[in-house]
Amino acid sequence: MKVIVTVIGTDKVGIIAAVTAALAKEEVNILDVSQTIMQGAFTMMLLAQLPATSDFAAFKAAMAQTGSGIGVTIQVARQEIFTAMHQL
């Protein structure tokens, strides 16, 4: 399953490291990434492939917990739902 992962928060050292470490722990493959810092605000969007055996709800919760631990908001959406929402 492909997912869109968004990360938003105040910029600080270690955000990318923590997010990608959490993805690697779940054996998630990053397919594409865009990241920028806008006046101190960190934003990142990833397109990623979850393993076939992944539990989406558990993955989403784990990523939210990772975000809480580093002081950012991490949201996860299934790619097909994300795409449908933005084609209206």
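Residues numbered from 1 in each chain as written. Predicted model: local features only at pLDDT ≥ 70, side-chain atom pairs only at ≥ 80, totals over all residues. Heavy atoms only, no water.

Under an unreviewed UniProt entry, the protein chain has the name UPF0237 protein ACFQ47_03415 and belongs to Lacticaseibacillus yichunensis.

1. Quick notes on the overall build of the protein chain
On a plain count of helices and strands, the protein chain comes out with three helices and four strands. Sequence-ordered secondary structure for the protein chain, helices as α and strands as β, is β-α-β-β-α-β-α. Over its C-alpha trace the protein chain gives a radius of gyration of 13 Å, about what one expects of a compact globule, namely 12 Å for 88 residues. Here the protein chain holds 88 residues, and the buried ones make up 27% of them. Counting only contacts in the protein chain whose residues sit at least 6 apart along the sequence, the fraction spanning at least 24 positions is 66%. (Helix = DSSP H or I, 4+ residues; strand = E, 2+ residues; numbered from the N terminus. Rg over C-alpha atoms; globule rule 2.2 N^0.38 Å. Buried < 20%, exposed > 50% of the residue type's maximum accessible area, 1.4 Å probe, protein only. Contact = heavy atoms within 4.5 Å.)

2. What about the pairing of strand β1 (residues 2–10)?
As defined by bridge partners, β1 adjoins strand β3 (residues 41–49) across nine bridges and the pair is classed as antiparallel. Paired with I4 across the two strands is L47, which belongs to β3. Sheet analysis places β1 next to strand β4 (residues 73–78), joined by six bridges and oriented antiparallel. Considered in β4, the bridge of V5 is made with V76. (Pairing = 2+ DSSP bridges.)

3. Let's talk about the nonpolar core
Grouped together as the largest cluster of nonpolar side chains are 19 residues, with contacts concentrated most on V3, V7, V19, F59 and M63. Sorting the residues of this core by element identifies β1, α1 (15–25), β3, α2 (56–70) and β4 as the ones contributing at least two each. In contact with V3, not counting residues within four places along its chain, are L46, L47, A48, L50, F56, F59, V76, A77, R78 and Q79. (Core = buried A, V, L, I, M, F, W, Y, C linked by side-chain atoms within 4.5 Å.)

4. As for the sheet that holds strand β2 (residues 29–38)
Across the sheet, four strands lie side by side as β2-β3-β1-β4; this open sheet has antiparallel pairing. Each edge of the open sheet is held by one strand with a lone partner, namely β2 and β4. Averaged over all adjacent pairs, the angle separating strand axes in this sheet is 15 degrees, with direction ignored. With respect to the sheet, α1 is in contact with β1, β2, β3 and β4, its orientation differing from that of β3 by roughly 20 degrees. In the packing of α2 onto the sheet, contacts are made with β1 and β4, and the angle to β4 comes to roughly 160 degrees. (Axes fitted to C-alpha atoms, helices over the stretch in contact; angles between N-to-C directions.)

5. Quick word on the UniProt feature "domain: ACT" (unreviewed entry) in the protein chain
The UniProt feature table records "domain: ACT" (unreviewed entry) at residues 4–79. The span residues 4–79 is 36% helix and 42% strand, and its two end C-alpha atoms sit 6 Å from each other. (UniProt positions renumbered as here; feature names shortened; annotations may be inferred.)

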